[in-house]
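# Examining the three-dimensional arrangement
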Amino acid sequence: MTQTVGVIGLGAMGMGMAQSLVRAGFVVKGYDIAPAAVQVLVDAGGHAAATVAEAATGADVLIVMVVNAAQAEDVLFGGGGGAAAMPAGSVVMLSCTVSPAFTRQTAERLAGMGLEMLDAPVSGGPVRSAEGALSVMASGSPAVFAKCDPVLAAVSANVYRMGDTPGLGSVMKSINQLLAGVHLAAMGEAFVFGAKQGIDARQMYDVICASAGGSWMFQNRGEHILDNDYSPRSAIDIWGKDLGIVLETGKENKLALPLAAVAHQLFLAASAQGMGRMDDAAIVKIYAQLAGVEMGG
């Protein structure tokens, strides 16, 4: 039987997930505050929802892919009214990056309304989202997984089952963001370290990508620096939010996270200088300013 899936948030990640679901044969109803984004989904074979509640009505699974916890709260329990519009027994797939504490609280509230939740943050970026090849770090009951398995198969290449308790998926995403944010900051530091001493940026990039000091973030974002292209794929401000979640979760658990804290401060500094909507590779510009060097193509 064809499942109906609502998708709230048709940005770089949500759009790819929605289009992948259309290709897999699901009935997909999408909502976004930008009408143009909804039209892109309609052109791909999806259906427009004029409101969050309309997207949630009749949905077997409602994917929430918004920017932050405040937006998720609003679309589910606030003015969006998404949770109240869903059929009893249906599932909210919470795929945005939020704190484990918020995830657990949301699952409890949904259970009180007769709804289930899969804690399912994702990683992979817009390209893998469009390909239906995301990595999903999910937690929830076996019954919830069974309901969501066809949806997960359509949007992902890898599904990691982190446990039966909502919140564990979000813990895993926080670990990923801790590492990715620190790697980005270290990348910026390394590029400027080399530039200040006369190392050609392209040559440095090639050497590091073939050596033990490389990382996926270095290889991917380093190309943006070499091309002097900071049009946003993932913006600086995302890291102010995500590393903030990491640090807040660390505080709740009495964990010292000094590397994450330094990286967070650097991203905040970049945002304060007007770079918040630039690609996150622009973190290199903070180091370049401090060192008095030019970073270009």
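Let me sum up the structure you'll find in this document. These numbers were taken from a predicted model, which means no experiment stands behind them. (Residues numbered from 1 in each chain as written. Predicted model: local features only at pLDDT ≥ 70, side-chain atom pairs only at ≥ 80, totals over all residues. Heavy atoms only, no water.)

With that settled, the discussion passes to the nonpolar core. Within the largest apolar cluster, 56 residues are counted, with the highest numbers of intra-cluster contacts made by Leu21, Ile63, Val64, Met93 and Leu118. The leading source of residues in this core is helix 8 (residues 142-155), at seven residues. What Leu118 contacts, discounting residues up to four positions off in sequence, is Val91, Val92, Met93, Leu94, Ala138, Ser139, Gly140, Val144, Phe145, Cys148 and Leu152. (Core = buried A, V, L, I, M, F, W, Y, C linked by side-chain atoms within 4.5 Å. Buried < 20%, exposed > 50% of the residue type's maximum accessible area, 1.4 Å probe, protein only. Helix = DSSP H or I, 4+ residues; strand = E, 2+ residues; numbered from the N terminus. Contact = heavy atoms within 4.5 Å.)

What follows is about the pattern of salt bridges. Applying the stated criterion across every chain yields a total of eight salt bridges. Note that Lys147 is salt-bridged to Glu116, the shortest N-O span being 2.5 Å. With Lys147 in helix 8 and Glu116 in strand 6 (residues 116-119), this pair connects stretches of sequence that are 31 residues apart. For Glu116, a relative accessible area of 23% puts it in the partly exposed group. Salt-bridge contacts for Glu223 lead to Arg202; the nearest nitrogen and oxygen are separated by 3.5 Å. On the criterion of sequence distance, the pair formed by Glu223 in helix 11 (residues 216-226) and Arg202 in helix 10 (residues 201-209) is long-range, its members being 21 residues apart. Ionic contacts of the salt-bridge type, sharing partners, join the residues Arg202, Asp206 and Glu223 into one network. (Salt bridge = Lys/Arg side-chain N within 4 Å of Asp/Glu carboxyl O.)

On to the packing of helix 4 (residues 69-77) against helix 6 (residues 100-112), then. When two helices pack together, their arrangement is given by the angle between their axes and by how far apart the axes lie. It is at 12 Å that the axes of helix 4 and helix 6 come closest, and there the two elements cross at 5°. As the angle between them shows, helix 4 and helix 6 are arranged roughly parallel. Here helix 4 contributes Ala69, Ala72, Glu73, Leu76 and Phe77 to the contact with helix 6, which in turn contributes Phe102, Thr106, Arg109 and Leu110. Here the contact of helix 4 with helix 6 is composed, by residue class, of six nonpolar, one polar and two charged. (Axes fitted to C-alpha atoms, helices over the stretch in contact; angles between N-to-C directions. Parallel < 35°, antiparallel > 145°, perpendicular 65-115°, else oblique. Nonpolar A, V, L, I, M, F, W, Y, C, P; charged D, E, K, R; others polar.)

Glancing now at the packing of helix 12 (residues 236-252) against helix 13 (residues 258-275). For the pair helix 12 and helix 13, interaxial distance at closest approach is 9 Å and the crossing angle is 150°. Taken together, the axis directions place helix 12 and helix 13 in an arrangement best described as roughly antiparallel. In the packing of helix 12 onto helix 13, the handedness of the crossing is left-handed. Between helix 12 and helix 13, the residues in contact are Ile236, Asp237, Trp239, Gly240, Leu243, Gly244, Val246 and Leu247 and Ala260, Ala261, Ala263, His264, Phe267, Leu268, Ala270, Ser271 and Met275, respectively. (Left-handed = near helix turned anticlockwise from the far one by under 90°.)

What follows is about the side chain of Asp119. Within the fold, Asp119 resides in strand 6. A polar side-chain atom of Asp119 sits 2.8 Å from the main-chain amide nitrogen of Gly167. A distance of 2.8 Å separates a polar atom in the side chain of Asp119 from a polar atom in the side chain of Ser170. Excluding residues that lie within four positions of it along the chain, Asp119 makes contacts with Leu94, Thr103, Met137, Ala138, Ser139, Pro166, Gly167, Leu168, Gly169 and Ser170. (Polar contact = N/O pair within 3.5 Å; in protein donor to acceptor, adjacent residues only side chain to side chain.)

With that settled, the discussion passes to the environment of Met295. Within the secondary structure, Met295 is located in the segment after helix 14 (283-291). Excluding its chain neighbours within four sequence positions, the residues that come into contact with Met295 are Phe191, Val192, Ala195, Ile225, Asn228, Val284 and Ala288.

Next up on the list: a nonpolar patch on the surface. Nonpolar side chains collect at one region of the surface, where Tyr160, Met162, Leu168, Val171, Ile175 and Leu179 lie side by side and expose about 480 Å² of accessible area between them. No other element matches the four residues that helix 9 (residues 168-196) contributes to the nonpolar patch. Tracing the chain through its elements places Ile175 in helix 9. On the basis of relative accessibility, which here comes to 39%, the residue Ile175 falls in the partly exposed class. (Patch = residues over 30% accessible without salt bridge, like charges linked within 9 Å, V, L, I, M, F, W, Y side chains within 5 Å. Areas by Shrake-Rupley, 256 points an atom, 1.4 Å probe, with all protein chains shown as cover.)

With 18 residues, helix 13 ought to run about 26 Å at 1.5 Å a step, and its terminal C-alpha atoms sit 23 Å apart, in line with that. Among the residues of helix 13, those classed as buried are Ala260, Ala263, His264, Leu266, Phe267, Ala270 and Met275. Down the axis of helix 13, the buried set is contained in an arc of 160°. They therefore lie on one face. Exposed and oriented more than 90 degrees from the buried face of helix 13 are Pro258, Val262, Gln265 and Ala272. (Expected span 1.5 Å × (residues − 1). Arc of directions from axis to C-beta.)

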